[in-house]
Amino acid sequence: MNFLRSLYTRLLVQYRLYRMKLPAARPYMRYSQGSRFINRAILYLSFFVVALVGSFLYGYTAIYGNPQPMLQFMGIPVVILALMCIWALPERASWGEKALYPLLIAYFFFALVWAQYVSIIKVPGNPWLSPQRVLLYIISGIALISFSVSREMKGLIKERYQAHKPIFVCLIILITIELLSLGLTSNMRLSLSYIIRETMLITIPFLLCAALFQDAARVRLFIAIAMVSIVILVAFAYQESRLNQPVWAVYIPHWWFDTSDETIQRLLTGRSRYDRFRAKSSSLTSLEFAELLAVLFPFCLYYLLERRRMILRGVGAIMTIICLVGIYFSGSRLGFVGAIAAFGTYLFLFGLRYWRTHRKSLIGPALIAFYPATMTTLLVGIAVSPRLSAMVIGGSSTDASTQARFDQWQMGLPMIMKNPFIGYGYANGAYKLGFVNPGGELTIDTFYLSILLETGVPGALAFFFFHAIAAWVSAKAYLNSTDTEGKDGTRIGAAIACALVGFLIVKLVLSQRTNHTFLAILVGFAVALYRNKKNEVKQENGA
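Just so it is clear, the structure is predicted and the values come from calculations on it, not from any experiment. Residues take numbers from 1 onward in each chain, read along the sequence in its written order. With pLDDT at 70 or above as the cut-off, local features in this predicted model cover only qualifying residues; side-chain atom pairs require 80 or more to be listed or tallied, and sums for whole chains, interfaces and linings still use all residues. Where side-chain values are given, they derive from all heavy atoms of the structure, hydrogens and water being excluded.

**A short note on the pattern of salt bridges**
Between Lys or Arg on one side and Asp or Glu on the other, a salt bridge is scored when a side-chain nitrogen of the former is within 4 Å of a carboxyl oxygen of the latter. All told, the structure shown has five salt bridges when counted by the stated rule. Note that arginine 197 is salt-bridged to glutamate 198, the shortest N-O span being 3.0 Å. Residue classification places arginine 197 among the partly exposed residues on the basis of a relative accessible area of 28%. Burial classification: accessible surface area is computed with a 1.4 Å probe over protein chains only, and a residue below 20% of its type maximum counts as buried, one above 50% as exposed, and the rest as partly exposed.

Dropping the structure here:
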């Protein structure tokens, strides 16, 4: 009763101050006095409801023991109230930007090298409380508050949006269709949880990187972290190939894991092909590990071809070899396919730019002239060599997985034609398709089929062009750059473009979404590069 009496008194005082046209005791909001009164009322009401919900859950737990059934129903209102509280916070010139940058660096490193299923704290029920997950929660909370109260952050996001609207429009369309598809999903809880998860893993990192990474030195720091991470990941993969067991299962006691969980048992055992263990390092599967290395491979080429110091170019050459060795340890064809696509794209862009910036040199024209011959020789070598053909194209042991993908498309296309606009609910594609592999597992092996089933044709096109436009923007910034010393960061554009191209090709044969966060970060870098290049062109025209 004392709390209600205090709440009533505070609201009454604020209302009287508003009627008297006097300023409030504390400038709580950023609008008129009437808006301040309304927002303060919403804030107090939100705290009251949260306290009421918490008290109810405490009583429910004391009586029935397990609060999980009630949490499933009451979690959504609590989240909405928390967002309302964030919205009602007072506006400031800046908030949280300085803290977000080191947190993003730490998250990027741990997301690369630390396995998701290895918790830093032993918690009953094994909720996978890994370092990257803890950091992601912290980053998401700070980012939401910063988006709400920081005029600087909102100004940066608005500037990036105006610099290149198509990328943002594709993201908005994708999110809108995901929300609309909730009305057609057969598993509301699964779809909603995945939408929230994708918001934290894709939307927030993309916005933060687009806003905060306007300095090329920050982008280069991320690339340096990626290079160090490749060494660690391939070292893990080498150890796994020796032990025929995931490295995390060897050096971490089994009592730390919930071995009764089938998912944990499968992650701790791994799989083999060609009588050789398929290393997965810190990823959940060897396919995701190969995809990650294929995405990072162009940045090894960036060190090899774009850095001015010879020692850094030597590092790039070594890292290129290490990355290819890691893909070999994974035993996955898609890794080599993505690396070949990235290499071919990078070689073409490098030759074209060298030709434009060094008119008197014959290296650029030679690279462009011999580009078709180089790629043809590479493809012929793959076709002639049985070993290379097995690694890239596949052999008799991979015929079953190839046929399974064709069967999935035959089953899925009629479903897509029945509902081509919204789909059947986000993260519900595999359940709608109903394809079961010989091991009895429900699976879907192509991301484009998955997103077509989940969000329809518009959602799939929005996803594709979100990355394709960013690749085009990065390549354009790279080709138009006049920087010969690599200070403005546009020379990183070729690596970003090639990584996005390789990623879009890999998605033809892989449906897992674990590495999508890294691609969202790269798209954010592309937006920053485009903004910097656009400002540079405006300044030159103005001069």
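**Observations regarding a nonpolar patch on the surface**
Like-charged residues are merged into a patch within 9 Å and nonpolar side chains (Val, Leu, Ile, Met, Phe, Trp, Tyr) within 5 Å, provided each residue has over 30% relative accessible area and no salt bridge. Using a 1.4 Å probe, accessible areas were evaluated by the Shrake-Rupley method; residue-level cover was limited to the displayed protein chains. A cluster of nonpolar side chains, contributed by Tyr161, Val169, Ile172 and Ile173, occupies part of the molecular surface with about 310 Å² of accessible area. Considering the arrangement of structural elements, one finds isoleucine 172 in helix H7 (residues 165-180). Helix and strand assignments follow DSSP, with helices taken as H or I runs no shorter than four residues and strands as E runs no shorter than two, numbered in order from the N terminus.

**What to know about the packing of helix H13 (residues 310-330) against helix H14 (residues 333-357)**
Axis definition: a line fitted to C-alpha atoms, over the contacting stretch in the case of helices. Angles run 0 to 180 degrees between N-to-C directions. Contact geometry of H13 with H14 gives a least axis separation of 8 Å together with a crossing angle of 150 degrees. Judged on the interaxial angle alone, H14 and H13 are roughly antiparallel. Contacts between H13 and H14 involve Leu324, Ile327 and Tyr328 from the first element and Gly335, Phe336 and Ala339 from the second. Gly is placed with the polar residues, together with every amino acid not listed as nonpolar (Ala, Val, Leu, Ile, Met, Phe, Trp, Tyr, Cys and Pro) or charged (Asp, Glu, Lys and Arg). Class assignment for the residues of the contact of H13 with H14 results in five nonpolar, one polar and no charged. Working definition: roughly parallel below 35 degrees, roughly antiparallel above 145 degrees, roughly perpendicular at 65 to 115 degrees, and oblique for all remaining angles. In this description, contact between two residues means that some pair of their heavy atoms is separated by no more than 4.5 Å.

**Some details on the nonpolar core**
Ranked by size, the top nonpolar core spans 112 residues in total, and within it Phe206, Phe213, Phe299, Ile496 and Phe525 carry the most contacts. When residues no more than four places from it in sequence are discounted, the contact partners of phenylalanine 206 are Ile167, Phe168, Leu171, Phe466, Ala520, Val523, Gly524 and Val527. The next biggest cluster of nonpolar side chains, apart from the first, holds 10 residues, and it includes Tyr117, Trp248, Ile252 and Leu284. Take the buried Ala, Val, Leu, Ile, Met, Phe, Trp, Tyr and Cys residues and link them wherever side-chain atoms come within 4.5 Å; each set so joined is a nonpolar core.

**Comments concerning the side chain of serine 140**
With respect to the helices and strands, serine 140 occurs in helix H5 (residues 131-149). In terms of polar contacts, serine 140 uses its side chain to reach the backbone carbonyl oxygen of leucine 136, at 2.8 Å. The contact partners of serine 140, leaving out residues within four places of it in the chain, are Met200 and Ile204. Here a polar contact is taken to be a pair of N or O atoms separated by no more than 3.5 Å, where protein atoms must pair a possible hydrogen donor with a possible acceptor and residues adjacent in sequence count only if both atoms sit in side chains.

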